[in-house]
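Here is what each chain is made of, one letter per residue.
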Amino acid sequence: MSYNNHNNGDFAMRNNKFDNLDVNNSAPRCPVILLLDISGSMSGEPIRELNAGLQQFIDEASQDEAASMSVELEIITFSDYASIVQPFTQMSNLSSVPTLHAGGMTSMGAALQLANTELRNRRQLYQRNGIPAYKPWVILMTDGGPNDSWQNAAAEMRQRAERCEIMYFGLEIGSNVDHQTMCQIIPQNSPLKQLPGLRFKPFFKWVTDSLKMVTRSAVSAQDSVRLPSTQSWLDPSGM
Amino acid sequence: MGMIRTLIKKVNYLIFDNNSSSATSAPASAYTAQPYSAAAPANNVYPTPAAARDGWLAQMCFAEEDPVEQLVYNRRGEPLQLGSQFELASGGEGVVYTFPHDEKYLIKIYKKNAHSSAEKRTHFIEQMRTMINEDKYRICRKKTFLAWPQMPVYDANHQLIGFVMNKCSGKSLGSLKSPALISRNFPHWDRLDLAKVALDFVRKVSFLAENGVYVNDFNPENFLVDEAHNVSFIDCASFQVQTPSGQYHTTGTFFASHIAPELVLHPQNLLYPRNIHHVEFGTAIVVFNILMYGLHPYSYYDFNRKSGCADPDTNLKKGRCPLGIGTDCKFPTGDWQKHWSWLTYDLKSSFIKTFRDGHRNPAVREPLRELEKNLQGLIHAMGHDHHNQGRRSLSPAVKKKSEYEGQRIKPEDLFQNKYQ
């Protein structure tokens, strides 16, 4: 089930039966939100590579026992509007996600607002059920810049990152990114990286390997985890 | 004065590494940025503008792939070529390879920056020397359930960079975290099998303690289990051992949610050798994890008062323990109360003694031998109790009724054949 946020309008009501929370899973949760630009400029090879990278991410993460029990993946896409194409789902229960199709504008503000709401709701759900959790990962990927009203939602997400409540990551795709705006959206203490070419698969491999490390750590020691080097996907020559 | 000298001597032989990134030293030109959490470098100074922009990524990621030697040498200088075709696993510290000449062994090679200070390097060398050469640990070297260092491995400059160890097999204890995972990894298992795994684990920790070796890091990923319920210990380099001169080597490595509270509340205690009460605490947590599908004994939430905290590590520090007899338990949402109810009275008492009563009073924690006896009692109860469906089921349908007391089975009675 998904619901849409059309230009900061009303949200559709979520059916509580789809909270997708296994209360008999003792593993601390690691919510991961992918905010994915599927605007028209992502058509063709970019969206194909993104889909392939996503599937690889799911395949590898779901095979790892620690990550599969802890990571809960949500995918929010944004084009003419923002949409949850995959609500929070434990990786062990995920084998694939809907294929993404590109087209339309770049409603990044709507996506950020949706993500803020989802993070809040998920945190409350964990607290209501006494479930421990790692810091959520929020990865924003875009090849352009927002066309909608983004400032308020972006500020709220920035503040979460500045308070070190989330692991916030910005990924710029291609050469037409509105870098200045992205520097305002992604705070100073969070990485904003240019993806070399369309190296989605190496990038998602790094994300998987990083989550494997995090989900093997104690929750209180997660900040001390040493993640793999980003060279594997930042290096344009490839591995 | 004598006490101060003793303290200095102890500090010299202990390495404190609280799993935290060490601060980089500030270069001449410094760039400031918003620090990220407790892992921020000293004075909020980052080495480059790019690192300042990277924030948490700069602090948590290795800047570049830390190289690992692939041409290594034994004591006699004979070379051995390793390579990616032999790579078995890679972690933050080093890489584990299969031993090309004998599949019963593995080689662990540490990354170049694994021992970042001269002190850590010295400690590593002394620890390896003790574990490989000392006679008192010969019995440990022979045990196939321990990935004990057998032989040192050097680089071209004859610097110690790793060791050869026994190869252990099985799945990590993390694979017992839920009935679904258990059914996937060990399709015919029920809770009796989990109890046997727990018993084997306690027996082996006891064996090590009796031979002067204390397990330091109770991360469940450090223990493997096979179909025959045998538990192997794969992180032996983190054990506490004693040199012939009586000094202790302990790496200071620990898993933050499986460590005695006095060590995490008062980090200066990490400078001292571990004692048996620390081991009792860590062992009991792992046993609890095994029997309760990975649930942490300090997973506490008071639904009535909405107090407590969902983070077991925080609850451990504060002593918020949900364990109690009958309904005085404040587990999180789920079937946890049901699973707890089917443990025997004596085993529940062991856990309550260790985690509730023994939180601030290490001396009252359940000794390993008592924990072992109570696990034997649980195994016996599972075999003979007419409620065994509830005791043995991975997903019991109902909670054990409180009015059913069952027989208080004393393990010593087992040997007198009182229960036929």
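Please refer to the structure placed before this passage.
Everything in this summary refers to the structure shown in the same document. Every chain is numbered on its own, with residues counted from 1 as its sequence reads. Chains carry letters and ligands carry numbers; both start at the beginning, A for chains and 1 for ligands, and go up in the order they are written. Only residues with pLDDT of at least 70 are given local features in this predicted model, and only at 80 or more are side-chain atom pairs given and counted; all residues enter the totals for whole chains, interfaces and linings. Working from all heavy atoms in the structure, the side-chain values ignore hydrogens and water.

Quick look at the interface of chain B and chain A
Rule in force here: By definition, residues are in contact when any of their heavy atoms lie within 4.5 Å. By definition, the buried area sums, over both parts, the 1.4 Å-probe accessible area that each loses when the two are put together. Take a side-chain nitrogen of Lys or Arg and a carboxyl oxygen of Asp or Glu: if they are within 4 Å of each other, that pair is a salt bridge. Under the grouping applied here, Gly and all other residues not named as nonpolar or charged are polar, the nonpolar ones being Ala, Val, Leu, Ile, Met, Phe, Trp, Tyr, Cys and Pro and the charged ones Asp, Glu, Lys and Arg.
Chain B puts 49 residues into the contact, and the matching count from chain A is 48 residues. Note on chain B versus chain A: buried area summed over both sides is about 4100 Å², and carbon and sulfur give 54% of it. Seen at the junction of chain B and chain A, the total is two salt bridges. Taking the shortest distance from any N to any O, the salt bridge between D54 of chain B and K193 of chain A comes out at 2.9 Å. The class makeup of the residues in the side of chain B that touches chain A is 23 nonpolar, 17 polar and nine charged.

Considerations on the sheet that holds strand β10 (residues 171-172) of chain B
In a beta sheet, neighbouring strands pair by backbone hydrogen bonds and run either parallel or antiparallel. Residue and element names in this part refer to chain B. Counted only if it meets this: Two strands are counted as paired when DSSP detects at least two bridges linking them. The way it works is that DSSP assigns letters per residue, a run of H or I at least four long becomes a helix, a run of E at least two long becomes a strand, and they are numbered from the N terminus. For helices, the fitted line uses only the C-alpha atoms of the stretch in contact; every axis is such a line through C-alpha atoms, and the angle between N-to-C directions lies from 0 to 180 degrees.
Strand order in this open sheet of three strands is β10-β11-β12, and the pairing throughout is antiparallel. Strands with a single pairing partner mark the edges of an open sheet, and in this sheet they are β10 and β12 (231-233). In the sheet, β10 pairs with strand β11 (residues 223-225) via two bridges, with the strands oriented antiparallel. From the neighbouring strand, S172 faces β11, where its bridge partner is L224. Along the sheet, helix α7 (residues 191-210) makes contact with β11 and β12, crossing β12 at roughly 40°.

A word on the pattern of salt bridges
Defined as follows: Summary of the burial criterion: residues with accessible area below 20% of their type's maximum are buried, those above 50% are exposed, and those between are partly exposed, where the area comes from a 1.4 Å probe applied to protein chains only.
Per the counting criterion, the structure on display carries 25 salt bridges over all chains. The partner of E72 of chain A in a salt bridge is R122 of chain A, with the nearest N and O atoms 3.0 Å apart. Here the residue E72 of chain A occupies a position in strand β3 (residues 71-78), and R122 of chain A occupies one in helix α3 (residues 108-128), the gap between them amounting to 50 residues. Neither E72 of chain A nor R122 of chain A differs from the other in exposure class; each is buried. Of the charged contacts, one joins K104 of chain B and D102 of chain B as a salt bridge, the two residues approaching to 3.5 Å between their closest N and O atoms. Judged by relative accessible area, K104 of chain B falls into the exposed class, the value being 52%. According to the relative accessible area criterion, D102 of chain B is partly exposed, its value standing at 23%. Among the charged side chains, a salt-bridge network with shared partners connects R203, E210, R369 and E372 of chain B.

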